[in-house]
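# Chains, contacts and geometry: an overview
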Amino acid sequence: MSKENNQILKNTNAKLLDEFNASIMFDKELYSQDIKGSIAHSKMLALQGIINIDEQKVIEKGLLKVKDEIENGDFKFSLEYEDIHMAVENRLTEIVGDAGKKLHTARSRNDQVCTDFTLYVQEKTKSIQNQIKELILTLTNIALKHTTTLMPGMTHLQHAQPINFGYHMMAYANMFKRDFERFASSYERNNYSPLGSAALAGTPHKIDRFKTSEFLGFTAPTSNAMDSVSNRDFALEILFNIATTMMHISRISEELILWSSYEFRFVRMSDEYATTSSIMPQKKNPDVPELLRGKTGRVYGNLISLLTVMKSLPLAYNKDTQEDKEGVFDSVSTIEISLSILNEVIKTMIVNVENMETACKIGHLTATDLADYLVQKQNMPFRTAYYLTKEVVEKANSLNKDISQLNIEEIRNSSKELENIDEEIVSYLDLKNSMNSRNSYGGTSTKQTEVQIENIKNWLESI
């Protein structure tokens with residue numbers, strides 16, 4: 001091979017390695033956290049006498065100029081500087097000269113990247129919490145309007161017992177409340193600063209890690225430098241929290257898809273959040289909830305990917321962890337847009353009260369009420385009551401009626417053992433009475449649904 005060809009191959013290999021090794025094209029997302037951390041670090045260095053006050057002021061002014069350049073689109077991101085940390089430091093030094101070269105004293109890119117990434121995760125944790133809070137409020141406001149709206153409660157996707165639509169909405173409000181609390185718990189657990197851990201063993205410089213923690217809004221510094229630079233639990237937690245929330249989003253999305261179908265027609269989604277078929281003009285497709293349902297698999301993949309990256313990594317820092325960010329960035333953007341659009345879909349949907357109540361007359365939803373009545377009022381063993389109820393259901397089927405539509409004579413004629421049943425049983429089989437009879441704490445009665453709404457509203461005001 002000629003020297004010229006050999007040089008071309010070397011240059012090609014070097015370029016390939018640069019592309020493979022660099023993270024600048026995705027970790028530039030962390031520019032504001034990197035600059036925030038660097039300003040805090042420079043202030044601490046000045047307080048400790050490691051750099052002088054004038055140098056700190058020059059550094060901070062230079063870092064803010066770099067931030068402006070990035071946000072105005074004037075900053076050129078290049079593979080030459082590998083990652084956001086080196087890109088910012090290089091540009092800072094171009095702007096302020098030798099003072100910029102002092103900024104990296106008493107830190108490493110290992111603790112720097114952990115600090116930047118932790119700041120990002122903490123900020124996004126708070127913003128996602130706020131979005132979840134808005135969704136819970138929307139669900140609660142809809143529930144408040146529908147505490148008497150009957151709908152069939154289901155198990156195995158089969159008609160089971162009458163509930164009210166507000167109660168169903170509050171089931172999701174409680175589900176998303178757990179998500180909010182999960183993010184809150186992660187925030188508290190991960191609110192510790194890795195800055196000052198250096199490469200893995202701390203630094204001989206007389207730094208004050210408590211001061212940088214304070215500047216950055218952390219609770220305190222992390223307590224072991226080796227663990228700090230290799231830890232990605234905070235990233236795994238936000239991925240898990242997002243995956244769980246998206247799973248809940250997929251559940252309500254599935255119900256919206258079912259409820260908006262011709263078979264159900266419980267709700268009608270706004271035209272803004274549905275599309276027509278390319279060849280069937282009569283169709284209105286629930287594209288938004290379908291996409292929400294599909295994106296859940298995407299965030300599951302990001303969680304599994306990082307778990308796999310972290311599996312069996314020895315202490316301390318390893319280059320493998322460069323693979324930690326893209327999945328988090330993707331999951332964060334996915335959950336942010338998903339929560340926003342789901343909130344709007346629910347806010348703007350039209351609830352078809354009549355269709356819901358009509359559906360309650362299919363499937364004998366009050367059959368259990370008959371069995372409960374026989375147990376409570378006739379002192380009958382439950383299993384005996386169960387089989388007698390089956391006979392009444394069969395009678396209703398033969399008359400093409402729902403059990404809630406039977407009159408007292410039809411009930412008495414269904415079984416010899418019910419010939420003298422009291423007429424009050426008819427009121428027990430009434431759909432609304434059945435719903436309201438479930439008045440135990442957490443139940444579906446209008447009264448208990450209102451208690452749940454009040455509890456959630458009080459909680460929302462307290463956070």
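Now for a description of the structure that goes with this document. (Residues numbered from 1 in each chain as written. Predicted model: local features only at pLDDT ≥ 70, side-chain atom pairs only at ≥ 80, totals over all residues. Heavy atoms only, no water.)

### Examining the overall build of the protein
Scanning the protein for helices and strands turns up 20 helices and eight strands. At 31 Å, the protein has a C-alpha radius of gyration far larger than the 23 Å of a compact globule built from 463 residues. Dimensions of the protein, computed from the C-alpha atoms along their principal axes, are close to 100 × 55 × 40 Å. Residues counted as buried form 49% of the 463 residues belonging to the protein. Here the analysis covers contacts within the protein between residues at least 6 apart in sequence; of these, 75% occur between residues at least 24 apart. (Helix = DSSP H or I, 4+ residues; strand = E, 2+ residues; numbered from the N terminus. Rg over C-alpha atoms; globule rule 2.2 N^0.38 Å. Buried < 20%, exposed > 50% of the residue type's maximum accessible area, 1.4 Å probe, protein only. Contact = heavy atoms within 4.5 Å.)

### Some points on the pairing of strand β1 (residues 150-155)
Relative to strand β2 (residues 158-164), β1 runs antiparallel, the two being bridged by six bridges. Paired with Gly 153 across the strands is Gln 161, a residue of β2. Adjacent in sequence and paired antiparallel, β1 and β2 are bridged by two residues, among which His 156 carries a positive phi angle near 55 degrees. (Pairing = 2+ DSSP bridges.)

### So, the environment of Ser 186
Mapped onto the fold, Ser 186 is located in helix α8 (residues 165-190). For Ser 186, a relative accessible area of 5% puts it in the buried group. Once the C-alpha coordinates of Ser 186 and Val 121 are considered, the two residues, 65 residues apart in sequence, prove to be 9.9 Å apart. With sequence-adjacent residues up to four places away left out, Ser 186 is seen in contact with Gln 122, Glu 237 and Asn 241.

### Thoughts on the environment of Val 267
Looking at the secondary structure, you find Val 267 in strand β5 (residues 267-268). Judged by relative accessible area, which is 4%, Val 267 ranks as buried. Separated by 85 residues in the primary sequence, Val 267 and Asn 352 have C-alpha atoms spaced 5.4 Å apart. Residues in contact with Val 267, not counting those within four places in the same chain, are Leu 256, Trp 259, Ser 260, Met 349, Ile 350, Val 351, Asn 352 and Met 356.

### Some points on the packing of aromatic side chains
In this description, a pair of aromatic rings is defined by centroid distance and the angle of the planes. One pass over the full model with this rule turns up 11 aromatic pairs. Ring centres of Phe 180 and Trp 459 lie 5.2 Å apart, and the angle between their planes is 85 degrees; this geometry places the pair in the edge-to-face category. In this pair, Phe 180 is assigned in helix α8 and Trp 459 in helix α20 (residues 446-462), connecting sequence segments 279 residues apart. Owing to a relative accessible area of 13%, Trp 459 belongs among the buried residues under this scheme. Taking the centre distance of 5.2 Å and the plane angle of 85 degrees together, the rings of Phe 264 and Phe 266 count as edge-to-face. Grouping residues by exposure puts Phe 264 and Phe 266 together as buried. Note that Lys 325 overlies the ring of Phe 117, its terminal NZ or CZ placed 5.5 Å from the centroid. Residue placement shows Arg 383 over the ring face of Tyr 386; its charged tip is 4.7 Å from the ring centre. (Phe/Tyr/Trp six-rings, centres within 6.5 Å; stacked < 30°, edge-to-face > 60°. Lys NZ or Arg CZ within 6 Å of the ring centre and 35° of its normal.)

### Comments concerning the environment of Ile 257
Residue position: Ile 257 is located in helix α11 (residues 233-259). Contact partners of Ile 257, with chain neighbours within four places excluded, come to Pro 286, Pro 289, Glu 290 and Arg 293.

### Some remarks on unusual backbone geometry
In this structure, Ala 316 follows Leu 315 across a cis peptide bond, with omega equal to 5 degrees. Along the chain, the position of Ala 316 falls in the loop between α12 (287-310) and α13 (325-348). Look at His 364: it is not a glycine, yet its phi comes out positive at around 55 degrees. A relative accessible area of 13% places His 364 in the buried class.

### A closer look at helix α4 (residues 53-71)
Look at α4: 27 Å from first C-alpha to last across 19 residues, which is about the 27 Å you get at 1.5 Å a residue. On its buried face, α4 is in contact with α3 (31-47), α5 (84-96) and α6 (98-101). Capping the start of α4 is the job of one residue whose side-chain oxygen sits 3.1 Å from the backbone nitrogen of Asp 54: Asn 52. Following α4 by one or two positions, Gly 73 has its phi on the positive side, about 80 degrees. (Expected span 1.5 Å × (residues − 1). Polar contact = N/O pair within 3.5 Å; in protein donor to acceptor, adjacent residues only side chain to side chain.)

### Considering a nonpolar patch on the surface
On the surface, Leu 200, Met 226 and Leu 315 cluster together into a nonpolar patch covering about 260 Å² of accessible area. Residue placement: Leu 315 occurs in the loop between α12 and α13. (Patch = residues over 30% accessible without salt bridge, like charges linked within 9 Å, V, L, I, M, F, W, Y side chains within 5 Å. Areas by Shrake-Rupley, 256 points an atom, 1.4 Å probe, with all protein chains shown as cover. Salt bridge = Lys/Arg side-chain N within 4 Å of Asp/Glu carboxyl O.)

### Section: the pattern of salt bridges
Under the defined criterion, the tally for this structure stands at 23 salt bridges. Among the salt bridges present, the one from Arg 189 reaches Glu 237, with a minimum N-O distance of 2.8 Å. With a gap of 48 residues between them, Arg 189 in helix α8 and Glu 237 in helix α11 connect regions that are remote in the sequence. With its nearest N and O atoms 4.0 Å apart, the salt bridge here joins Lys 347 to Glu 344. Of this pair, Lys 347 and Glu 344 both sit in helix α13, separated by three residues, roughly a single helical turn. Residue classification places Glu 344 among the partly exposed residues on the basis of a relative accessible area of 30%. Each of Lys 65, Glu 69, Arg 91 and Glu 94 takes part in one network of salt bridges that share partners.

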